[in-house]
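Structural overview
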Amino acid sequence: MSTSEDKPEILSRVHQEGDVEIVDRSQKDKDEEEEGKGGFLDKVKDFIHDIGEKIEGTIGFGKPTADVSAIHIPKINLERVDIVVDVLVKNPNPVPIPLIDINYLVESDGRKLVSGLIPDAGTLKAHGEETVKIPLTLIYDDINSTYNDINPGMIIPYRIKVDLIVDVPVLGRLTLPLEKRGEIPIPKKPDVDIETIKFQKFSLEETVAILHVRLENMNDFDLGLNDLDCEVWLCDVSIGKAEISDSIKLDKNGSGLINVPMTFRPKDFGSALWDMIRGKGTGYTIKGNVDVDTPFGAMKLPIIKEGGSTRLKKEDDDDDDEE
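Quick caveat, the model's predicted, so the values are computed rather than measured. (Residues numbered from 1 in each chain as written. Predicted model: local features only at pLDDT ≥ 70, side-chain atom pairs only at ≥ 80, totals over all residues. Heavy atoms only, no water.)

1. Things to note about the overall build of the protein chain
Our working definition: Labels follow the DSSP assignment, with helices taken as runs of H or I lasting at least four residues and strands as runs of E lasting at least two, numbered in each case from the N terminus. For every residue, the accessible area obtained with a 1.4 Å probe (protein chains only) is divided by the maximum for its type, and the residue is called buried under 20%, exposed over 50%, and partly exposed between those limits. Surface accessibility follows the Shrake-Rupley procedure with a 1.4 Å probe radius. Residue values consider only the protein chains on display as shielding.
Looking only at helices and strands, one finds three helices and 17 strands in the protein chain. For the protein chain, the residues scored as buried account for 36% of the 323 residues in total. On the protein chain, roughly 18,800 Å² of surface is accessible, and the fraction owed to carbon and sulfur atoms is 48%.

2. Some details on the pattern of salt bridges
Working definition: two side chains of opposite charge can pair if their charged atoms are close together. Threshold: One side-chain nitrogen of Lys or Arg within 4 Å of one carboxyl oxygen of Asp or Glu is enough to make a salt bridge.
Inspection of every chain in the model, using the stated rule, returns 15 salt bridges. Lys 305 serves as the salt-bridge partner of Asp 193, at 3.5 Å between the closest nitrogen and oxygen. Here Asp 193, found in strand E10 (residues 191-201), pairs with Lys 305, found in strand E17 (residues 297-314); they are 112 residues apart in sequence, far enough to count as distant. With a relative accessible area of 25%, Asp 193 lands in the partly exposed category. For the salt bridge of Lys 249 with Asp 222, the shortest nitrogen-to-oxygen distance reads 3.6 Å. In this pair, Lys 249 sits in strand E14 (residues 248-250) while Asp 222 sits in the loop between strand E11 (207-216) and strand E12 (223-234), placing the two residues 27 residues apart along the sequence.

3. A word on the nonpolar core
This is how the line gets drawn: Within this scheme, the nonpolar core is defined by two criteria: the residues are buried Ala, Val, Leu, Ile, Met, Phe, Trp, Tyr or Cys, and they are joined through side-chain atoms within 4.5 Å. Throughout, a contact is declared for two residues whenever any of their heavy atoms are within 4.5 Å.
Within the largest apolar cluster, 68 residues are counted, with the highest numbers of intra-cluster contacts made by Ile 134, Leu 138, Leu 164, Leu 215 and Val 260. Setting aside anything within four residues of it in sequence, one finds Leu 164 in contact with Ala 66, Val 87, Val 89, Leu 99, Asp 101, Ile 102, Ile 134, Leu 174, Thr 175, Leu 176 and Leu 178.

4. Observations concerning the sheet that holds strand E9 (residues 172-185)
Cut-off, in case you're wondering: Pairing between strands is defined by DSSP: at least two bridges between them are needed. To get an axis, fit a line to the C-alpha atoms, keeping to the stretch in contact for a helix; angles then go from 0 to 180 degrees between the N-to-C directions.
Taken together, four strands build an open sheet; the order of strands is E6-E5-E8-E9 and the sheet is antiparallel. Only two strands of the sheet have a single partner each, and these edge strands are strand E6 (111-124) and E9. Strand-to-strand, the axes of this sheet are offset by a mean angle of 15 degrees, without reference to chain direction. With eight bridges joining them, strand E5 (residues 97-108) and strand E8 (residues 155-168) adopt antiparallel strand pairing. Looking at the pairing, Asp 101 lines up with Ile 165 of E8.

5. Some words on the packing of aromatic side chains
Short version of the rule: In this analysis, rings of Phe, Tyr and Trp, with Trp reduced to its six-membered ring, are considered paired at centre separations within 6.5 Å, and the interplanar angle assigns stacked below 30 degrees, edge-to-face beyond 60, and tilted for intermediate values. We call a charge positioned above a ring when the Lys NZ or Arg CZ atom is no farther than 6 Å from the ring centre and deviates by at most 35 degrees from the ring normal.
Counting across every chain of the model gives one aromatic pair. Between the aromatic rings of Phe 221 and Phe 296, the centroid separation amounts to 5.6 Å while the plane-to-plane angle is 85 degrees, which identifies the pairing as edge-to-face. Taken together, the residues span a long stretch of sequence, with Phe 221 in the loop between E11 and E12 and Phe 296 in the loop between strand E16 (282-294) and E17 at a distance of 75 residues. For the pair shown, Phe 221 and Phe 296 are each scored as buried. Just above the ring of Trp 233 sits the side chain of Lys 287; from NZ or CZ to the centre is 5.8 Å.

6. Describing unusual backbone geometry
The backbone phi angle of Asp 120 is positive, close to 45 degrees, even though this residue is not glycine. With respect to the helices and strands, Asp 120 occurs in strand E6. Positioned with a positive phi, His 127 is a non-glycine residue whose angle comes to about 45 degrees. Relative to the elements of secondary structure, His 127 occurs in the loop between E6 and strand E7 (128-139). When its relative accessible area of 57% is taken as the criterion, His 127 is described as exposed.

7. Structural notes on the sheet that holds E7
With antiparallel pairing, the three strands of this open sheet are ordered in space as E3-E4-E7. The open sheet has two edge strands with one neighbour each: strand E3 (65-76) and E7. The average angle at which neighbouring strand axes cross in this sheet is 20 degrees, direction not considered. As paired elements, E3 and strand E4 (residues 80-91) share nine bridges and run antiparallel to each other. In the sheet register, Lys 75 faces E4, and the bridge partner there is Asp 82.

8. Re the pairing of E9
One ladder, built from 14 bridges, connects E8 with E9; its direction is antiparallel. Looking across to E9, one finds that Pro 157 is bridged to Glu 183. Where E8 folds back on E9, the antiparallel hairpin that results is connected by three residues, among which Val 170 adopts a positive phi of roughly 75 degrees.

9. Observations regarding the environment of Phe 296
Given a relative accessible area of 17%, Phe 296 falls into the buried group. Those residues in contact with Phe 296 that lie beyond four places of it in its chain are Ile 73, Ile 155, Glu 183, Ile 184, Pro 185 and Phe 221.

10. Overview of the pairing of E12
The side chains of a regular strand alternate between the sheet's two faces. In terms of strand pairing, E12 meets E14 through three bridges, oriented antiparallel. When the bridges of E14 are listed, Leu 225 appears paired with Ile 248. The pairing of E12 with E16 spans 10 bridges and is classified as antiparallel. Directly across from Leu 225, in E16, lies its bridge partner Val 292. Bridge count for E12 against strand E13 (residues 237-244) is seven bridges, and the pairing is antiparallel. The residue of E13 that forms the bridge with Asp 229 is Glu 243.

Structure, rendered in structure tokens:
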């Protein structure tokens, strides 16, 4: 007669026809416990997922949208161009969301011109839209030193790529990619030449003259001249300054003539005066600026020429060099 002492504490035997299966009770209990834990964790995960979907559906969390609304060039000169990219961002969510970072890249024909990162770019208000302004600057010397085939006077294509990184509740961190293409100029100063000086009134004490100044547009885009201011030297003697508000159009790679009135005292030139009177070449220097309109906005460009040569003539003399 068997007793409880005859039964193993850990092992039990299950008699089957021709087979004996030995089951480890402790291992079986562990397996059942692990299965129970796994099932519980899966249920928790499913519960959290269901709750998240219900919250998202009820509260209305969604992905913000962004679009490039405009590109401005507030400043452009021979050294640099400042560009401002306006991005219209719409936040459909009931809570403000942070604009974590803005990554930008400007390239031309696949070549990088400038790139950068703007951290902590602000917060987008709930259920609203706002324009985010992204300032960029291109330094022409940096571009010219990197790419030998990009020179002053050219128009080059550009592509601006912007990534807005936002953090939306439930959805997490999202990247909104944007892209815009266009053209930007690399301006070059006009060439300037005083072709002739025709005097209307001549005396040693005071001479009233008209300087026939030719401006040559060295750019691949038109210039609309609005204003010219300059100082002129004859034989290393300053004859004064002038400012002219005269509108003329300088076609791309073309030229135009502008008349600049000037009053000066020939006796200040000393012995060089006689060469001027005889119609021989007179050395001159001209320095100043022109205000012009361009397809890319207004510009103020310098004009300068040193060591030039011109002639002094009477007003009624024919001038084959004049248009």
